[in-house]
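The residues making up each chain are set out below.
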Amino acid sequence: MNNRIELAQRKDAVVVENLQMVYRVGKVDVPALRGVEITVKQGEFVAVMGPSGCGKSTLLHLLGGLLRPTSGRIFVDGIEISAVNDTERTRIRREKIGFVFQRFNLLPTLNARDNIELARRIHGNGYRNGSGLAVDEVLRLLRLEDKMRHKPAELSGGEQQRLSIARAVINKPALLLADEPTGSLDSDNSLLVLQMLQELNIRYGQTIIMITHDLEAASTASRIVEMRDGRILNRVQNLVYAREQGLF
Amino acid sequence: MMKLILSNFLQRPTRTFVSIMAVALGVVLVLVSVGLCYGQLTDTAERTRRIGGDFLFQPSDASLLFALNSGTLPVRIKEVLEKVEGVEAATPILAKFLADRFHLVFGIDHESFEEVNSSLRFVDGALFTQPFEAVVDTVYSTSNQVRVGDEIEILGHRFKVRGVFVQGTASRVMVPLATLQEINGTPEKATMFFIKGRQGVPEEQVYKRLRDRFKHYKITRTADLQEIMASSTPVFRQFVAAVVFLSVVISFLVILLAMYSTITERTREIGILKSLGASRSYIVQLILKESVLICAAGVTVGFILNYLALQLILANFPTMPVSITLFWKVAAAVLGIGGGVMGALYPALKAAGQDPVKALGYE
């Protein structure tokens, strides 16, 4: 109960109001989101679950400012990213959002440290950025301190994903968006990555929205949200409820 | 950003190498072509100026590239020229181009030449006094290992070397006018006259009098020779412009192709940069900096290759004049880099405008 009160008092990290997204495929309009409404508090770890094609990835891309919605409003850290132009969305993404992808999306030509440093440079818009976390600290936290000089191809899948998490959080983003972060990993590495995300959430109060098909993965979140047919159906509080609903 | 650029170079060494060499080729093309053209012009103008006359007198349709002219002027015009008020002396010269050696031989009249010229300095021997004697300059002497007393062959005839003079005046080889007229089959004819004005008489006045007296001849101030040569030599400007254009096009196309293919290959990488919040200008800068670095390396390699190419040319044609001014060195560098940057602009803008979601999904 105390936790609920505390959560309610926190500021909103993400607010989504009546979000609609329609893709134009040839001459046909294909709706991907049909009025999504969701609020995520600062420091929350929310898992978004749902079947393929339900609009999870579209929602994540919209939250990250990679896409512009057809209609509706998105606020990230108090700024309406759905109302700004492309340049401003890019700036907000640079300053407030970190991404973790299923396929890691590391730059293959740079070593681990340089991948992280690049994110820091981009955050500083080309200049070395003094704020944010220390590279060594993040690498240590994610147990990558002995892999700093390794290129992504020289790392295991789990290590690559931890590296992509390190890159995503190095600038202390207001929001960490994770798109199926364990989708390409075996169970041991999946567990490790999820533990890391949990640790970041608990230790640094990192707000995380994670998309996943994996119920085990979703169970590490503090809240689970179900999507279907472009809508948020309900909020799943625990695994038992989720299983009862036959979601997974 | 620099690490990313350098790591991309190393990741694709063949592409990087080929791009650098192509830009280098453009630079070499400009420097060698312009160097040889301007070298010929500058050398000719400077040598001509140092003959010592104030005016050059030629038939009206004659070229300032003496190799293109034949001997059509009667030598007796000398007397008429010297009667013009303000003219101190005039000396006839018959010029003959030696295609196999790529230089001119001047046939000069000993006495009148010395009246007009004051810069000819001999390091060994003296000016000829007999037919079939020759004097050569220091470059010719060194490159052909010729000394006073040796014999050289000119136009199928043997000439005895009578003196070696400091290079920079008239032609590499000079022989008696009458001898060259005889060999050339043009007795009593000259290609041109050099006219020396009388001291104390304004040059402009003498020039006007000569122009008034010889309306159907070409009279040129020797001080203006280089400028006039550059502007009036047939196809010179067009040739230089064509070479410069070609060089820019090479740099432009090679960098366009290299950068276009690299951004296609690196679509996903651009998507990643965008997901990290890289702005359009950051991505444009990334591509442009990469192309500038390739072009700068190409320019550097081009300068080295140019030096080697010129050494090779001079080893085979020691008397070939080469002149590459600072202006053309800077121009070659700017053209190489500028062409490359122009070539990279479209791929850079295309990369910056990519949809990040599509780019991230690119296989």
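Rules and cut-offs
- Residues numbered from 1 in each chain as written.
- Chains lettered and ligands numbered in written order.
- Predicted model: local features only at pLDDT ≥ 70, side-chain atom pairs only at ≥ 80, totals over all residues.
- Heavy atoms only, no water.
- Phe/Tyr/Trp six-rings, centres within 6.5 Å; stacked < 30°, edge-to-face > 60°.
- Helix = DSSP H or I, 4+ residues; strand = E, 2+ residues; numbered from the N terminus.
- Buried < 20%, exposed > 50% of the residue type's maximum accessible area, 1.4 Å probe, protein only.
- 1 Å grid on protein atoms, 1.4 Å probe; cavity = no way out; pocket = protein on both sides within 12 Å on 5 of 7 lines; lining within 4 Å.
- Points joined across faces, edges and corners; volume = space filled by probe spheres on them.
- Pairing = 2+ DSSP bridges.
- Contact = heavy atoms within 4.5 Å.
- Axes fitted to C-alpha atoms, helices over the stretch in contact; angles between N-to-C directions.
- Patch = residues over 30% accessible without salt bridge, like charges linked within 9 Å, V, L, I, M, F, W, Y side chains within 5 Å.
- Areas by Shrake-Rupley, 256 points an atom, 1.4 Å probe, with all protein chains shown as cover.
- Salt bridge = Lys/Arg side-chain N within 4 Å of Asp/Glu carboxyl O.
- Lys, Arg positive; Asp, Glu negative; His and termini not counted.
- Charge placed at Lys NZ, Arg CZ, Asp CG, Glu CD.
- Buried area = accessible area lost by both parts, 1.4 Å probe.
- Polar contact = N/O pair within 3.5 Å; in protein donor to acceptor, adjacent residues only side chain to side chain.
- Nonpolar A, V, L, I, M, F, W, Y, C, P; charged D, E, K, R; others polar.
- Domains from an automatic or database assignment.

(A) The packing of aromatic side chains, seen in detail. All names here are of chain B. Under the counting rule described, the total for this entry stands at eleven aromatic pairs over all chains. Measuring from centroid to centroid gives 5.9 Å for Tyr 38 and Trp 328, while their planes differ by 40°, and the two rings are tilted. With Tyr 38 in helix 2 (residues 13-51) and Trp 328 in helix 12 (residues 326-352), this residue pair connects regions lying 290 residues apart in the sequence. Tyr 38 gets classed as partly exposed once you look at its relative accessible area, which sits at 21%. Seen in terms of ring centroids, Phe 122 and Phe 165 are 6.1 Å apart; in terms of plane orientation they differ by 70°. Their pairing is edge-to-face. Residue Phe 122 is found in strand 5 (residues 122-125), and its partner Phe 165 is found in strand 8 (residues 157-165); the two are separated by 43 residues along the sequence. By relative accessible area, Phe 122 is classed as partly exposed at 28%. We classify Phe 165 as buried; its relative accessible area is 0%.

(B) Structural context of empty space enclosed by the protein. This structure, assessed with the given rule, holds one cavity of 30 Å³ or more. Taken as a whole, the largest cavity encloses approximately 110 Å³ of empty space. Taken together, 16 residues make up the lining of the largest cavity; nearest its centre are A:Ile97, A:Gly98, A:Ala168, A:Asn171 and B:Leu276. Looking at the lining of the largest cavity, the elements that each hand over two or more residues are helix 3 (86-96), strand 6 (97-100), helix 4 (112-123) and helix 6 (157-169) of chain A. A total of four residues in the lining of the largest cavity trace back to one element, the largest contributor, which is helix 3 of chain A.

(C) Inspection of the sheet that holds strand 2 (residues 28-41) of chain A at higher detail. All names here are of chain A. Strand order in this open sheet of four strands is 2-1-4-5, and the pairing throughout is antiparallel. Of all strands in the sheet, those with a lone pairing partner are strand 2 and strand 5 (79-80), marking the two edges. Where strand 1 (residues 12-25) and strand 2 come together, eleven bridges link them in antiparallel fashion. In the strand pairing of strand 2, Asp 12 is matched with Lys 41. This element, helix 2 (residues 56-63), spans strand 1, strand 2 and strand 4 (71-76) of the sheet and lies at about 120° to strand 1.

(D) Region of interest: the pairing of strand 6 (residues 133-137) of chain B. Residue and element names in this part refer to chain B. The element strand 6 is largely enclosed, with a buried count of five among its five residues. Where burial is concerned, the two faces of strand 6 agree: the one with Glu 133, Val 135 and Asp 137 and the one with Ala 134 and Val 136 are both buried. Strand direction decides the pairing type here: strand 6 and strand 8, joined by five bridges, are parallel. By the bridge assignment, Val 135 is partnered in strand 8 with Gly 163. Note: strand 6 against strand 9 (residues 173-176), two bridges, orientation antiparallel. Following the sheet pairing, Val 135 is matched in strand 9 by Met 174.

(E) View of a negative patch on the surface. All names here are of chain B. Taken together, the side chains of Glu 88, Glu 111, Glu 114 and Glu 115 make up a negatively charged region of the molecular surface. Residue contributions to the negative patch peak at three residues, all from helix 4 (residues 110-116). Of note, Glu 114 is situated in helix 4.

(F) Region of the structure containing the interface of chain B and chain A. At the junction of the two partners, chain B supplies 21 residues and chain A supplies 22 residues. The junction of chain B with chain A conceals about 2100 Å² of combined surface from both sides, 61% of it contributed by carbon and sulfur atoms. For the pair chain B and chain A, the interface holds zero salt bridges. Inspection of the chain B/chain A interface yields four residue pairs in polar contact (both at pLDDT 80 or more). Those elements that provide at least two residues to the side of chain B that touches chain A are helix 1 (2-11), helix 10 (267-275), helix 11 (280-316) and helix 13 (356-360) of chain B. Tallying contributions element by element places helix 10 of chain B first for the side of chain B that touches chain A, with six residues. Considering only residue class, the side of chain B that touches chain A consists of nine nonpolar, six polar and six charged.

(G) Expanded view of the pairing of strand 8 of chain B. Residues and elements named next belong to chain B. With three bridges joining them, strand 5 and strand 8 adopt antiparallel strand pairing. Across the sheet, the residue bridging to Gly 125 is Gly 163, located in strand 8. As defined by bridge partners, strand 7 (residues 151-154) adjoins strand 8 across four bridges and the pair is classed as antiparallel. Each residue of the ladder has a partner; that of Ile 152, found in strand 8, is Phe 159.

(H) Representation of the domain arrangement of chain B in the model. Residue and element names in this part refer to chain B. Domain assignment breaks chain B into domain 1 (2-41 + 236-360) and domain 2 (61-215). For domain 1 and domain 2, the distance between their C-alpha centroids amounts to 47 Å. Listed per partner, the contact involves five residues of domain 1 and eight residues of domain 2. Interface area, domain 1 with domain 2, both sides summed: about 560 Å², of which 68% is carbon and sulfur. Taken together, domain 1 and domain 2 are joined by zero salt bridges. Remark: the boundary between domain 1 and domain 2 carries zero residue pairs in polar contact (both at pLDDT 80 or more).

(I) Spatial organisation of helix 3 of chain A. Those residues of helix 3 of chain A that sit buried are A:Arg89, A:Thr90, A:Ile92, A:Arg93, A:Arg94 and A:Lys96. Along its buried surface, helix 3 of chain A packs onto strand 4, strand 5, strand 6, helix 4 and strand 7 (175-179) of chain A together with helix 10 of chain B.

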